[in-house]
2 protein chains.
Amino acid sequence: VMERMPGEAMVYLGDTARVPYGVKSADTVVRYARACARILLEHDVKLLVVACNTASACALEALRAETAVPVIGVIEPGARFAVEATRDKRVGVIGTAGTIRSGAYPKVIRVLAPSVEVFSKACPLFVPLAEEGWTEGPVTAEVVKTYLEELREQRIDTLVLGCTHYPLLTDCIAAYMGPEVTLIDSAEATAAVVAETLERMDMSASRAAGPRHRFLVSDSPEGFERVSRRFLGRPVDHVEWVDF
Amino acid sequence: VMERMPGEAMVYLGDTARVPYGVKSADTVVRYARACARILLEHDVKLLVVACNTASACALEALRAETAVPVIGVIEPGARFAVEATRDKRVGVIGTAGTIRSGAYPKVIRVLAPSVEVFSKACPLFVPLAEEGWTEGPVTAEVVKTYLEELREQRIDTLVLGCTHYPLLTDCIAAYMGPEVTLIDSAEATAAVVAETLERMDMSASRAAGPRHRFLVSDSPEGFERVSRRFLGRPVDHVEWVDF
């Protein structure tokens, strides 16, 4: 979103004390997502992005029902890109246990393109691997093979990386799946939908670039400053602590 | 504790909505551990076991300072067993990032036996591996090798499994470290200290067996009922949900 809309000021909230969400029950994810939304709305945001697949899968309807600003999740944009990309109408979806259990991707894809077949697989170890920084090497290659073998056998031609962490493992996943499989990163898809929505509602920022962003986290700000370089591709300073 | 003291009624609290603790900052672990202790003390427990290495490493002093009943962590018992087991005075300690960063094991071992050398290594992927149920196989063998190679080179003769999850990986760890290395499971060490403490304070249960236990969790009770068989070695029913 920052790259595509450099004039927009972001209020970013990372619930770093309570992640990962992908292993929690849907009830708990909804409760935590509501608490996060409440804090962001106190900052007068004009649009809310649920930038987590598990929270999007479990909590999007609840958040939309109780929020006055537009709420955009990452599932619908990723599903849309996948439907546009598939040639053989065979799409794979990987995500956390929570995202896959929710069935959110197959549900949305069925609405967009009923003839597309969807093959889903939960990959719980991908998040800790990415957080450990093991984005390549023998362990990651073996984990990728173990999780993705059945999707490869299904001859999918498009694979949705249905978790914010998974793009860090792109090289390893692409090497295993082969060049004929298109990988869909829902971050890019979501940024496109955010831009469209702001334009359609005539709410885009008037400035061209250089707004002041705010970063809020629920665990130690120092820890976040360390990892943000890897995840955001840029260092951040002035990270603020929030208590739930 | 249940096996060793079958007459004691347990109140078990699993903060399942906010685990894992091992990746959080010390401040957050202290805050969460205090909230857990508060709930258990409301149940009039006569003794509090901090049955998590990370919480013991970060929060034991804070909990002892503000709690009237005895508070027993898992670090001191494990350290004591390790000091008794080592022949060459070379002890390895593995644990979460939080436990290893705290330096709690080397600190305690230095007090008990200043001549013992301690070699520590954080193994962040062991918890997700155990939770995924991959307690053997090529991935786990490769992760074990990657983390434990330097401890094996240090020719330790005793290794503390400094995280409640790690005993699930015992076979794989033992196979890599070899039969000359003694593995210390702090659960057994802690149960021994709990029994000693209750006897010394004349607080042991008068009944021989069959008390009613209570199980409280912060995430879905159903999820806990599913995994409890693997972790507790027995099914539990009547799991209650607590909100923090």
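Everything discussed here concerns the structure shown above.
Here goes a summary of the coordinates provided. (Residues numbered from 1 in each chain as written. Chains lettered and ligands numbered in written order. Predicted model: local features only at pLDDT ≥ 70, side-chain atom pairs only at ≥ 80, totals over all residues. Heavy atoms only, no water.)

1. Considering the relation of the copies chain A and chain B
Next, step 1: Of the transformation superimposing chain A on chain B, the axial component is 0.0 Å and the angular component is 180°, with the fit at an RMSD of 0.0 Å. What the rotation and shift describe, once combined, is the action of a two-fold rotation axis. Considering only C-alpha atoms, the part of chain A nearest the rotation axis is Arg18(A), at 2.6 Å.
Next, step 2: Of the residues that chain A buries at the interface, 100% are likewise interface residues in chain B, meaning the two copies contact each other through the same surface. (Least-squares fit on C-alpha atoms with pLDDT ≥ 70 in both. Contact = heavy atoms within 4.5 Å.)

2. Quick look at the nonpolar core
Next, step 1: Of all hydrophobic cores here, the largest spans 50 residues; its most connected members are Phe126(A), Leu148(A), Phe126(B) and Leu148(B).
Next, step 2: Of all the elements in the fold, those that place two or more residues in this core are α6 (126-132), α7 (138-153), β6 (158-162) and α8 (170-177) of chain A together with α6 (126-132), α7 (138-153), β6 (158-162) and α8 (170-177) of chain B. (Core = buried A, V, L, I, M, F, W, Y, C linked by side-chain atoms within 4.5 Å. Buried < 20%, exposed > 50% of the residue type's maximum accessible area, 1.4 Å probe, protein only. Helix = DSSP H or I, 4+ residues; strand = E, 2+ residues; numbered from the N terminus.)

3. Let's talk about the environment of Gly7(A)
Residue and element names in this part refer to chain A.
Next, step 1: Structurally, glycine 7 can be placed in the segment before β1 (11-14).
Next, step 2: Between the alpha carbons of glycine 7 and arginine 212 there is a distance of 9.5 Å; along the sequence they are 205 residues apart.
Next, step 3: Sequence-distant contacts of glycine 7, that is, excluding residues within four places in its chain, are made with Ala205, Arg207, Ala208, Ala209 and Pro211.

4. Thoughts on the side chain of Thr197(B)
Residue and element names in this part refer to chain B.
Next, step 1: Turning to its location among the elements, threonine 197 is positioned in helix α9 (residues 186-200).
Next, step 2: Classification of threonine 197 by relative accessible area gives buried; the value is 6%.
Next, step 3: One polar contact links the side chain of threonine 197 to the main-chain carbonyl oxygen of valine 193, over a distance of 2.6 Å.
Next, step 4: With residues up to four places along the chain from it excluded, the contact list for threonine 197 reads Leu47, Pro70 and Ile72. (Polar contact = N/O pair within 3.5 Å; in protein donor to acceptor, adjacent residues only side chain to side chain.)

5. So, unusual backbone geometry
Next, step 1: In this structure, the amide linkage connecting Val19(A) to the following residue, Pro20(A), adopts the cis form with an omega of 0°.
Next, step 2: Along the chain, Pro20(A) falls in the loop between β1 and α1 (26-42).
Next, step 3: Located in the positive-phi region is Asp202(A), a residue other than glycine, with phi close to 55°.
Next, step 4: Locating Asp202(A) in the fold gives a position in the loop between α9 (186-200) and β8 (214-217).
Next, step 5: With a phi angle near 50°, Arg155(B) is a residue other than glycine that sits in the positive phi range.

6. Description of the interface of chain A and chain B
Note: interface size is frequently given as the accessible area lost on complex formation between the parts.
Next, step 1: If you look at the interface, chain A gives 27 residues, while chain B gives 27 residues.
Next, step 2: Taken over both partners, the interface formed by chain A and chain B buries close to 2,100 Å², and the fraction arising from carbon and sulfur atoms is 60%.
Next, step 3: At the boundary of chain A with chain B, the tally comes to 0 salt bridges.
Next, step 4: Put simply, chain A and chain B have 8 residue pairs in polar contact (both at pLDDT 80 or more) between them.
Next, step 5: Considering every element that reaches the side of chain A that touches chain B, the biggest residue donor is α7(A), with 6 residues.
Next, step 6: For the side of chain A that touches chain B, the per-class residue count stands at 15 nonpolar, 5 polar and 7 charged. (Buried area = accessible area lost by both parts, 1.4 Å probe. Salt bridge = Lys/Arg side-chain N within 4 Å of Asp/Glu carboxyl O. Nonpolar A, V, L, I, M, F, W, Y, C, P; charged D, E, K, R; others polar.)

7. Observations concerning the packing of aromatic side chains
Next, step 1: For the structure on display, the rule yields 14 aromatic pairs over all chains.
Next, step 2: Summarising the aromatic geometry, the rings of Tyr12(B) and Phe215(B) are spaced 5.7 Å apart at their centres and angled 45° between planes, so their arrangement reads as tilted. Remark: Phe215(B) occurs in strand β8 (residues 214-217) and Tyr12(B) occurs in strand β1 (residues 11-14); sequence separation between them is 203 residues.
Next, step 3: Here Phe215(B) falls in the buried class, since its relative accessible area comes to 6%.
Next, step 4: On the numbers, 6.4 Å between centres and 40° between planes, the contact of Phe215(B) with Phe224(B) is tilted. Take Phe215(B) and Phe224(B): they sit in the same class, and that class is buried.
Next, step 5: A network of ring pairs unites the aromatic residues Phe126(A), Tyr147(A), Tyr166(A) and Trp134(B) as a single cluster.
Next, step 6: Residue placement shows Arg18(A) over the ring face of Tyr32(A); its charged tip is 3.6 Å from the ring centre. (Phe/Tyr/Trp six-rings, centres within 6.5 Å; stacked < 30°, edge-to-face > 60°. Lys NZ or Arg CZ within 6 Å of the ring centre and 35° of its normal.)

8. Side note on the pairing of strand β7 (residues 182-185) of chain B
All names here are of chain B.
Next, step 1: For β6 and β7, the ladder comprises 4 bridges, and the chain directions are parallel. Across the sheet, leucine 161 pairs through a bridge with aspartate 185, a residue of β7.
Next, step 2: Following the backbone out of β6, through α8 and into the adjacent parallel β7, one traces a crossover that is right-handed. (Pairing = 2+ DSSP bridges. Right-handed = clockwise from strand over helix to strand, strands pointing away.)

9. Focus: the pattern of salt bridges
All names here are of chain A.
Next, step 1: Summed over all chains, the structure comprises 18 salt bridges over all chains.
Next, step 2: Glutamate 240 is the salt-bridge partner of arginine 214, the closest N and O atoms lying 2.5 Å from each other. Taken as a pair, arginine 214 in strand β8 and glutamate 240 in strand β9 (residues 239-241) lie far apart in primary sequence, 26 residues in all.
Next, step 3: Taking relative accessible area as the criterion, glutamate 240 reaches 27% and is therefore assigned partly exposed.

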